[in-house]
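# Fold and geometry: a report
Spelled out from the first residue to the last, the chains are:
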2 protein chains.
Amino acid sequence: MKRNTWQRQAVREALDTSQGFVSAQHLYAGLRESGSPIGLATVYRALADLAVEGEADSLQSTEGESLYRACSTQEHHHHLICRNCGTTVEIEADAVEQWAASTAARHGFTEPRHIVDIFGLCAACSAGARGA
Amino acid sequence: MKRNTWQRQAVREALDTSQGFVSAQHLYAGLRESGSPIGLATVYRALADLAVEGEADSLQSTEGESLYRACSTQEHHHHLICRNCGTTVEIEADAVEQWAASTAARHGFTEPRHIVDIFGLCAACSAGARGA
DNA sequence: GTGAGTTTGACAATCATTCTCAGGTGGAAT
DNA sequence: ATTCCACCTGAGAATGATTGTCAAACTCAC
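Residues numbered from 1 in each chain as written. Chains lettered and ligands numbered in written order. Predicted model: local features only at pLDDT ≥ 70, side-chain atom pairs only at ≥ 80, totals over all residues. Heavy atoms only, no water.

### Here's the deal with the overall build of chain A
For the record, the criterion: Put simply, DSSP marks the helices as runs of H or I at least four residues long and the strands as runs of E at least two long, and each gets a number from the N terminus on. Here's how the labels work: a residue is buried when its accessible area is under 20% of the maximum for its type, exposed when over 50%, partly exposed in between, all with a 1.4 Å probe on protein chains only. For the area figures, the Shrake-Rupley method with a 1.4 Å probe applies, and any residue is considered shielded solely by the protein chains shown. The sign given to each residue is positive for Lys and Arg and negative for Asp and Glu; His and the chain ends receive no count. To locate a charge, the coordinates of NZ of Lys, CZ of Arg, CG of Asp or CD of Glu are taken.
Along its length, chain A carries five helices and six strands. Going residue by residue from the N terminus, the α and β elements of chain A occur as α-β-α-α-β-β-β-β-α-β-α. Dimensions of chain A, computed from C-alpha atoms along their principal axes, come out at roughly 50 × 50 × 25 Å. Taken across its 132 residues, chain A has 39% of its residues classed as buried. Carbon and sulfur atoms make up 50% of the accessible area of chain A, which totals about 7,500 Å². Measuring between centres, the 11 positive side-chain charges of chain A sit 5 Å from its 16 negative side-chain charges.

If you want it as structure tokens, here you go:
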């Protein structure tokens, strides 16, 4: 059975506390800074578990890191991510779901899954970029 | 200026010859097998160049590898990929482009870019899976 | 409280990718 | 055709994220 350790709790809370997607390394660094003696391997394991259980979403950064995020809903959804500050908005996209399903079917593909994410500059960062 | 070496040509041809997305490692292995003395670092450099110049598309596999593919069009498009055999179909998605742009705008995001790919089982692999 | 099985953590191992740098080479000028 | 040199290549080292190992610590059911 799955045990409930303070390490897992710590990872869960750290994820909840961060506003956008974070890397395992970053999360680990943050936990260590706040005094936790948690191990790196444990953070990786906890994140992988959370992702499997549906408590966290994950995506691949362009630099080859895996990024994680605690999402408010476990339902299928997508993300709108600020590539400057990391702020993330959860978005629904029924239209896209249907488009994906029908496109796959039209080409004879079955069991379609899809990756759909939008990266941009959030309102605040857009303003900042204009000023800077 | 950009030089025209046989190594670059070899990478380009290897890319053209493969039907789906391939990893740099896989491409390198194939080239070596066919007798080419090309170096690994060179393959990485060539692929990175091709991607920048728009001659190749790239995406991140879930295992943290970068995958590359020579596409028939340099226009913006997306992919429908068989997760069993790697066969890839290029697809257009004006509807999705517009959805992405308007969704980003609605949340105050600017300069939207997006990642949209569909993974499934192609007709052949679907049939195979049923049989197996 | 006890025992059995899970989880943890320090560190080694792995894997893709990038860096380094000495030697090779394309191609413009001659 | 020859020369020249900035760019390219290749072998191996270096990097950085992630995973594996295994003994010790811990959780939970009883």
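On we go from here.
### Looking at the packing of helix H2 (residues 24-33) of chain A against helix H3 (residues 40-53) of chain A
All names here are of chain A. Selection criterion: Each axis is a line fitted through C-alpha atoms, taken for helices only over the stretch in contact, and angles between the N-to-C directions span 0 to 180 degrees. Note that the term roughly parallel is reserved for angles under 35 degrees, roughly antiparallel for angles over 145, roughly perpendicular for angles of 65 to 115, and oblique for everything else. In a left-handed crossing the near helix is turned counterclockwise from the far helix by less than a right angle, and in a right-handed crossing that turn is clockwise. A contact between two residues is defined here by any heavy atoms of the two lying within 4.5 Å.
Relative orientation of the contacting elements H2 and H3 amounts to 125°, with a least axis distance of 10 Å. By the angle class used here, H2 and H3 are oblique. Of the two possible hands of crossing, H2 and H3 adopt the one that is right-handed. For the pair formed by H2 and H3, the contact residues are Ala-24, Gln-25, Leu-27, Tyr-28 and Leu-31 on the first element and Leu-40, Val-43, Tyr-44 and Leu-47 on the second.

### Comments concerning the protein's contact with DNA strand D
Note the cut-off: Nearness is defined per residue: one heavy atom within 4 Å of the molecule or strand is enough. As used in this structure description, the phrase polar contact means that two N or O atoms lie within 3.5 Å; if the pair is within protein, one of them must be able to donate a hydrogen and the other to accept it, and residues adjacent in sequence are counted only when both atoms belong to side chains. Side-chain classes are defined by residue name, with Ala, Val, Leu, Ile, Met, Phe, Trp, Tyr, Cys and Pro counting as nonpolar, Asp, Glu, Lys and Arg as charged, and the others, Gly among them, as polar.
Every one of the 22 residues lining DNA strand D counts as a neighbour, but A:Tyr44, B:Arg3, B:Thr5, B:Thr42 and B:Arg45 are closest to it. Among atoms of DNA strand D positioned within 4 Å of the protein, sugar and phosphate together represent 60%. Between DNA strand D and B:Gln7 there is a distance of 2.9 Å, counted from a sugar or linking oxygen to a side-chain nitrogen or oxygen. In the environment of DNA strand D, a phosphate oxygen lies 3.1 Å from a nitrogen or oxygen atom belonging to the backbone of B:Gly39. Of all the secondary-structure elements, those providing two or more residues to the surface near DNA strand D are H2 and H3 of chain A together with helix H1 (6-17) and helix H3 (40-53) of chain B. Examining the composition of the surface near DNA strand D, we find that four residues originate from one element, H3(A), more than from any other. A breakdown of the residues in the surface near DNA strand D according to their chemical character gives nine nonpolar, seven polar and six charged.

### Some details on the interface of chain A and chain B
Many structure descriptions define interface size as the accessible area lost when the parts assemble. As a reminder, the rule being used: Buried area: the accessible surface (1.4 Å probe) lost by two parts on joining, summed over both. A carboxyl oxygen of Asp or Glu within 4 Å of a side-chain nitrogen of Lys or Arg is what we treat as a salt bridge. Strands were regarded as paired on the criterion that DSSP finds at least two bridges between them.
Opposite the 36 residues of chain A that make contact, chain B presents 36 residues. Carbon and sulfur atoms make up 67% of the surface buried where chain A meets chain B, a total of about 3,000 Å² over both sides. For the chain A face of the interface with chain B, the top three residues by lost area are A:Trp99, A:Phe109 and A:Ile115, together amounting to 23%. At the junction of chain A and chain B, the tally comes to two salt bridges. With a closest N to O distance of 3.5 Å, A:Arg83 and B:Glu111 form a salt bridge. For the interface between chain A and chain B, the tally reads twelve residue pairs in polar contact (both at pLDDT 80 or more). Elements that contribute at least two residues to the side of chain A that touches chain B include exactly strand S4 (78-82), strand S5 (88-91), helix H4 (94-106), strand S6 (110-121) and helix H5 (123-131) of chain A. It is S6(A) that contributes the most residues to the side of chain A that touches chain B, twelve residues altogether. Looking at side-chain class alone, the side of chain A that touches chain B contains 19 nonpolar, twelve polar and five charged residues. Here S6(A) pairs with strand S6 (residues 110-121) of chain B via nine bridges, running antiparallel.

### Things to note about the UniProt feature "binding site: Zn(2+)" (unreviewed entry) in chain A
Residues and elements named next belong to chain A. As a reminder of what qualifies: UniProt positions are given in the numbering used here, feature names are shortened, and annotations may be inferred rather than shown by experiment.
The UniProt feature table records "binding site: Zn(2+)" (unreviewed entry) at Cys-82, Cys-85, Cys-122 and Cys-125. In sequence the annotated residues extend across 44 residues, while in space they remain close, none of their C-alpha pairs exceeding 8.1 Å. Within the secondary structure, Cys-85 sits in the loop between S4 and S5. Setting aside its immediate chain neighbours within four residues, Cys-85 contacts Cys-122 and Cys-125. If you trace the backbone, Cys-125 turns up in helix H5. Residue contacts for Cys-125: discarding those within four places in its chain leaves Cys-82, Asn-84 and Cys-85.

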